[in-house]
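Here is how the chains run, residue by residue.
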Amino acid sequence: MNAIATEVTPVTPRKPWKNTRATLKTATINGFFSAVLATALYTFTGLDGILGWYVSFIISVMVVMAIVSKVTGNGKSIADQVAPVVISAGFATVMIPWISLIGTVVQRGVKGIYTGFFTHDMLVNSMDEPLNVGGISHAIIGTLIIVGIATIIAAPLGIIAALYIVEINGKAARFVRFLTQAMSGVPSIVAGLFIYSTVIITVTHKNNAFAGSLALAILMLPTVARTSEEVLKVVPREIRDASYALGATQVRTTLRVVLPTVRSGLITATILGVARVAGETAPLLLTSQYFVRFTTNMFNSTMASLPTYVFGALRTGTENSLARAWSASLVLIAIVVFLSVIARLLGGRSTGRK
Amino acid sequence: MSDSISTDSTTESFVPSITPNVASVTTEHTSRNAENLEVNGTTTGLEARGVHAWFDKHHALEDVSIHFPQNTVTGLIGPSGCGKSTFLRLLNRMHEFIPKSAMAGEVLFNGEDMYASHVNATDIRTRIGMVFQKPNPFPAMTIGENVLAGPKLAKKKVENPDDLLEECLTRAGLWKEVKDRLKAQGSSLSGGQQQRLCIARALALKPEVLLLDEPCSALDPGSTLRVEETIVQLSQSMTIVIVTHNMQQASRVSDYCAFFLSDGGPGRLIEADLTTNMFSNPKDERTANYVQGRFG
C-alpha cells in the first residue's frame, strides 16, 4: 500500500448519525397512529380527564412503536425502540407532580408577598388581618437560627462518623453504619418527642429554640453521615498512598489531602441535611414551638420558624391566614434553593475537579 | 522450584559479584557503580534479608534477599503477580497499609532494620520516596502545592520554598513546561507531565532512596524517555529501585536487575546480577527465557 497524499479532493462535511428524512417520516407516522389509538382508548375505555389522556397516549406510543418496528424490522429491536419511550414517559410522569407543586405554591404564595412581609413580625397583628400588615421576619430569622445551630451540631458529627467508617474503618465501623441507617428511618416526631422528654422535661423545664435545633440535628445526622461516607469512598486509594509515601501520618493525610479533595462533596452532604430538616414541623411543634415576635433568645424562649408559622396560619383557617401560609411556604422553598445555590458556588470553587 | 539456585533459600544478603573482566566490558553506567560496590560490605544502601510477605493467608513473597548498593539503579523484572510491587512496597513500609498484610525478615536501611519496633515508619517514608504506577497528583492542590506537599505533610520546615520548587521540578525535567503555570491544578497536566510532577513531589523531601513502581506504564514513548533520563540523572545522588515490565527500559536505565518469578505459589527472587550479565549471560534458564521474551 503506497498511500502518499498528493492532492486533496474537496469534501463536504456530513452527519450520517443524525436523523434522516426517513426516520422523521416514520416518527410522524408513529405519532399520528398513536394519537388515533390514544383517542380511541380515551373514548371507549374508563380513562378520564387529562391524566387519562396522558396514560392512554403513552400506552399507544409504545404499542404503535412496537408494531412498526416489528413490521419494518429495520435495525433496532423492539426493546431498543420502546425503552427510550418508557424512560422519557417515566421522567415526564415524575416531573408532573413536581412542577404542579412548585406552580401551586408560587401561584398562591405571591398574593401575600409585599416588602413589609420580610421586615415585620406578627407582634401586633393576627393571622387573619389583611395581607398588607404583619410579616414573617421573625419566622425567617427563627428558621435560619434553628437550622443553622442544628447544622453546626450535625454536620461535623456526621462527617466525623463518615471518617470513622471510611478512614479509620475501626472495629465498630459496621455497627456505626448500621446505626446511621437505622437513624435515617426515625420519624421526625419521634426525634421531637425524644428531645421533649430528655431535654425539655428533665433539664430546661420549658420549651426553647435550642431544643428545636437538637431535634433537627438528630434528623440531619444520618443524612450527612451517609452522604459523606459515599463521598469519602470515592477518593481513590492512590491519593492516600501518595500522601502516606511522603511520610504523612493518617491524621495529616485525612486533614490535608482527603478532606480538601472531597470538599464540594461534603458541602453537598450538608446541603442535603439542611434540605432534609428545613421544612420539618412536627419536632419543632414539640420543642421550639412558635412565638409572635422577633427573638434571638435560644434558651429561654420559644422561637418562630417558617414551618410552625405555616402550621399556625393553617390552623387559623381564614382566607387571609391561608394566603399567609402559602406565602411563607414559598419563602421557605426559596430559602432552601438559595442556600443550595450559595453552598454549591462556595463548594465548587477551587476543588480541583474539572 | 526446590532445586532452584541458592538465592532462593539463603538468608545471606545477595551481593552481585563483579569481576574485573566483566567490569571492563560494561557500559559507563556500571563502571560508575564499580566504585560503589567497594563499600558493599559495609552498611550503605538498602538491603533485604529473608523477606516474606503475606496478604491475609496468601503467601505473596518468599525469602527474598538482595542488596541495593548506594547510588545505583536496580530494575525489578518479572511477570505480573510475581511479587515485585509487593516487594517494592515493603522497602518503604507501604505494605502495612494493606489490611491483613504481614511480613517476615529484615529490611536494612543504612544498616538498621526499618521494621525494628523503635523505628518510626513515617520517618522512613520521608527518607525513601515512592512514585506509583498511576500518576497521582493531589487533586485539590496546584502544581506548586503538589511539589511542596511532602515537606508540608511531613511537617518539615523548608527554608526557601521557591528555590526548592524550582530545583525539584528541574530535576524531574518539568520546570520549563510548567514554570509559568505553577498555580494551575496538577490534574490539568498530561499523563506524562503528571508522572514527572509526582517524581518532583517525591524529590522535595530529598530522599536517599527512590522507589518507582512501573512509573512509565501509562506514558507515551516521549514521556517515557524523559522519565528515564530523569532516573539516570537522579541515580548520581540517590539509590533507585524501579519495577518495570519493559525489558528495554530495564536494560536502558538499570545497573542491576533482579528477576522475580512465581510458579503459582509465592513469588521468589530467581536471579540478581549486573544488568549486562542478566541480559547477555543469565545463570538461570528461566531468566534467559524471560529476558528474551519467551514467556511472561
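Refer to the structure presented above.
Structural notes, computed from the coordinates. Note that the coordinates shown come from a computational prediction; the quantities given were computed from them, not determined experimentally.

Analysis parameters
Residues numbered from 1 in each chain as written. Chains lettered and ligands numbered in written order. Predicted model: local features only at pLDDT ≥ 70, side-chain atom pairs only at ≥ 80, totals over all residues. Heavy atoms only, no water. Salt bridge = Lys/Arg side-chain N within 4 Å of Asp/Glu carboxyl O. Buried < 20%, exposed > 50% of the residue type's maximum accessible area, 1.4 Å probe, protein only. Helix = DSSP H or I, 4+ residues; strand = E, 2+ residues; numbered from the N terminus. Pairing = 2+ DSSP bridges. Contact = heavy atoms within 4.5 Å. Buried area = accessible area lost by both parts, 1.4 Å probe. Polar contact = N/O pair within 3.5 Å; in protein donor to acceptor, adjacent residues only side chain to side chain. Nonpolar A, V, L, I, M, F, W, Y, C, P; charged D, E, K, R; others polar.

## Details of the pattern of salt bridges
Applying the stated criterion across every chain, the model contains 18 salt bridges over all chains. Glu280(A) is the salt-bridge partner of Arg276(A), the closest N and O atoms lying 2.8 Å from each other. You can call Glu280(A) buried: its relative accessible area is 14%. The salt bridge partner of Glu177(B) is Arg196(B), with a shortest N-O separation of 2.9 Å. Within this pair, whereas Glu177(B) is found in helix H8 (residues 175–178), its partner Arg196(B) is found in helix H9 (residues 191–203), the two being separated by 19 residues in sequence. Judged by its relative accessible area of 33%, Glu177(B) falls in the partly exposed class.

## Brief notes about the sheet that holds strand S1 (residues 46–55) of chain B
Residues and elements named next belong to chain B. The 4 strands are arranged S2-S1-S4-S5 in an open sheet whose pairing can be described as antiparallel. The open sheet has two free edges, formed respectively by strand S2 (58–68) and strand S5 (112–113), since each of these has just one partner strand. Where S1 lies against strand S4 (residues 101–109), 8 bridges are found, and the strand directions are antiparallel. Looking at the pairing, His52 lines up with Ala104 of S4.

## So, the interface of chain A and chain B
For an interface, size is often stated in terms of accessible area lost upon the parts coming together. Across the contact, 20 residues belong to chain A and 29 residues belong to chain B. Looking only at chain A, the three residues that lose the most surface to chain B are Ala245(A), Leu246(A) and Arg252(A), adding up to 30% of its buried area. Inspection of the region where chain A meets chain B yields 1 salt bridge. Counting every contact that joins chain A to chain B gives 4 residue pairs in polar contact (both at pLDDT 80 or more). Elements represented by at least two residues in the side of chain A that touches chain B include exactly helix H9 (237–245) and helix H10 (250–261) of chain A. Residue composition of the side of chain A that touches chain B, grouped by class: 8 nonpolar, 6 polar and 6 charged.

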